[in-house]
Amino acid sequence: MTEINNRIVKFDNLKGLAILLIVLGHLTFQRKYAEISFIQSLSFLIGIPLFFFISGYFSKIGPDEPIKAFKRLLIPYLIFCIIWEIFNINYLGKSPNKPLFIDPGFALWFLISLFIMKLILPIFDRFRYPLTISVIFALLIGFLDVDVLGISRVFAYMPIFLIGYYYDEYRQSVYQKLPVVRSNKFTVLLMILAVLLTFAVCLSVPASMIRMKFVYDNFILEDLIVRIIILIVSALDILILTRFMTNRELIITQFGVNSMTVYLLHPYLIKISTLYAEPVFTGHPKQIILYILVMAFVICFVLSRDFITKGLNRIFDAFYGIFSAE
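Just so it is clear, the structure is predicted and the values come from calculations on it, not from any experiment.

A few points about the packing of helix H4 (residues 109-125) against helix H7 (residues 158-165)
At step 1: Where H4 meets H7, the closest approach of the two axes is 11 Å, and the angle between their N-to-C directions is 65 degrees. As far as their axial angle goes, H7 and H4 are roughly perpendicular. H4 and H7 meet at a crossing whose hand is right-handed. Of the residues in H7, those touching H4 at Leu114, Met117, Lys118, Ile120, Leu121, Phe124 and Asp125 are Met158, Phe161, Leu162 and Tyr165.
At step 2: Residues belonging to the contact of H4 with H7 are distributed by class as follows: 9 nonpolar, no polar and 2 charged.

As for the nonpolar core
At step 1: Core analysis: the largest hydrophobic core is formed by 99 residues, its most contacted members being Val23, Phe52, Phe53 and Phe80.
At step 2: A total of 13 residues in this core trace back to one element, the largest contributor, which is helix H2 (residues 34-57).
At step 3: Non-local contacts of Val23, meaning those with residues more than four positions away in its chain, are made with Val262, His266, Ile270, Ala296, Ile299 and Cys300.

Focus: the environment of Leu78
At step 1: Turning to its location among the elements, Leu78 is positioned in helix H3 (residues 65-90).
At step 2: With a relative accessible area of 27%, Leu78 lands in the partly exposed category.

Points about the layout of surface pockets
At step 1: In this structure, the largest pocket encloses a volume near 1,100 Å³.
At step 2: Together, 39 residues line the largest pocket, and Lys15, Arg72, Leu73, Lys118 and Met260 are the ones closest to its centre.
At step 3: Looking at the lining of the largest pocket, the elements that each hand over two or more residues are helix H1 (3-27), H2, H3, H4, helix H12 (253-257), helix H13 (259-281) and helix H15 (306-323).
At step 4: Classifying every residue of the lining of the largest pocket gives 21 nonpolar, 9 polar and 9 charged.

As for the packing of H3 against H4
At step 1: For the pair H3 and H4, interaxial distance at closest approach is 9 Å and the crossing angle is 165 degrees. With respect to their mutual orientation, H3 and H4 come out roughly antiparallel. Handedness of the crossing formed by H3 with H4: left-handed. In this structure, H3 uses Pro66, Ala69, Phe70, Leu73, Leu74, Pro76 and Tyr77 to contact H4, whose residues at the interface are Leu111, Ile112, Leu114, Phe115, Lys118 and Leu119.
At step 2: When the residues that make up the contact of H3 with H4 are grouped by side-chain class, the tally is 12 nonpolar, no polar and 1 charged.

What about a nonpolar patch on the surface?
At step 1: Among the surface-exposed residues, Val188, Leu189, Met191, Ile192, Val195, Leu196, Phe199, Leu203 and Phe244 lie close enough to one another that they form a single nonpolar patch of about 880 Å² accessible area.
At step 2: Of the residues forming the nonpolar patch, the biggest block, 8 residues, is contributed by helix H9 (residues 184-204).
At step 3: Within the element layout of this structure, Phe199 appears in helix H9.
At step 4: Classification of Phe199 as partly exposed rests on a relative accessible area of 43%.

Parameters at a glance
Here the residue numbers are simple positions, counted from 1 along each chain's written sequence. Only residues with pLDDT of at least 70 get local features here, since the model is predicted, and only at 80 or more are side-chain atom pairs given and counted; chain-wide, interface and lining totals rely on the full set of residues. Side-chain metrics in this entry use all non-hydrogen atoms of the structure; hydrogen atoms and water are not considered. Each axis is a line fitted through C-alpha atoms, and for a helix only the stretch in contact is used; angles between axes span 0 to 180 degrees, taken between their N-to-C directions. The helix and strand labels rest on DSSP assignments: H or I over at least four residues marks a helix, E over at least two residues marks a strand, and numbering proceeds from the N terminus. Every angle not falling under 35 degrees, over 145, or within 65 to 115 is termed oblique; those three ranges are roughly parallel, roughly antiparallel and roughly perpendicular. Put simply, a crossing is left-handed when the front helix is turned counterclockwise from the back one by less than a right angle, and right-handed when it is turned clockwise. By definition, residues are in contact when any of their heavy atoms lie within 4.5 Å. Charged residues are taken to be Asp, Glu, Lys and Arg, nonpolar residues to be Ala, Val, Leu, Ile, Met, Phe, Trp, Tyr, Cys and Pro, and polar residues to be all remaining types, Gly included. Throughout, nonpolar core names a set of buried Ala, Val, Leu, Ile, Met, Phe, Trp, Tyr and Cys residues whose side chains join them through atoms within 4.5 Å. For each residue, the accessible area found with a 1.4 Å probe, counting protein chains only, is set against the maximum for its type, and the residue is called buried under 20%, exposed over 50%, and partly exposed in between. Definitions used for this entry: grid spacing 1 Å over protein atoms alone; cavity, a set of points where a 1.4 Å probe fits but cannot get out; pocket, an open set with protein on both sides within 12 Å along at least 5 of 7 lines; lining residue, one with an atom within 4 Å of a point. Grid points are joined across faces, edges and corners, and a volume is the space filled by probe spheres set on the points. Patches in this entry comprise residues that are over 30% relatively accessible and not in a salt bridge; like charges within 9 Å are linked, as are nonpolar side chains (Val, Leu, Ile, Met, Phe, Trp, Tyr) within 5 Å. Methods summary: accessible areas were calculated by the Shrake-Rupley approach with a probe of 1.4 Å, and residue burial reflects only the protein chains presented. Salt bridges are defined by distance alone: a side-chain nitrogen of Lys or Arg within 4 Å of a carboxyl oxygen of Asp or Glu.

Here is the structure:
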């Protein structure tokens with residue numbers, strides 16, 4: 001296996017872990033037990049940022065990139081906004097109360113946020129200190145209640161996205177200036193610190209804040225500090241995972257290969273399974289935790305089959321053909 005293939009397997013494993021954590025986190029919604037709150041916080045402290053980091057790592061700047069983003073992100077977003085609206089009305093019996101396409105449905109904010117990130121990446125790349133500028137934007141966006149088109153989380157997660165984009169460049173620079181970073185002792189100490197900080201954040205910070213879905217209240221300084229801590233801990237966890245993730249194929253590798261398919265379809269399986277499981281497990285926190293862990297794995301396993309991804313891609317290609325001049 002070549003070095004390039006090894007790198008791809010490694011990042012497929014990271015994507016597989018990310019999507020498993022995201023599905024796990026979404027399965028915990030609407031459940032208030034303390035144990036489940038911890039799982040939810042852990043899932044979103046690592047899962048969503050890890051996805052943005054990997055997306056940034058594989059992003060490029062070029063004349064064809066906006067078209068690729070349109071095809072891979074915006075078209076699936078538009079299609080699944082419609083599907084989710086139909087599912088909400090006909091299966092869940094909910095009346096539409098949000099403007100279609102403008103206010104993303106369950107989990108769809110990620111697609112439109114990532115699409116916007118890719119469009120504005122060339123702008124950030126023109127700055128002398130793009131990461132510093134992105135952190136400033138991530139802190140300032142907390143003053144505004146603008147979750148339209150996922151805008152608030154575009155800027156909240158932009159630092160993580162840029163760390164991914166500049167990862168190789170930053171790593172080379174750090175290794176040259178601080179050789180001690182390469183040592184096993186330093187890595188172990190950093191890993192211990194990451195674990196301690198992760199547990200501290202998950203146990204003390206509300207999940208809504210970890211998901212970056214909050215606006216600063218009267219305690220502005222405290223909220224600013226919390227957001228900085230969340231970004232630092234998420235980045236630290238991601239760097240540790242990237243450092244230690246194996247290049248060998250694992251059971252989660254396939255989850256990563258077809259992670260976008262899992263992401264697009266998992267909300268439907270979660271909603272359907274919850275309707276049947278909720279009455280059975282209500283009042284039994286231990287059984288609910290077991291159900292969530294097993295169900296997250298089952299959903300990722302089922303939806304990551306190649307034939308499902310191929311079917312979705314055919315649909316996306318057909319819709320792209322409507323807009324394409326080729």
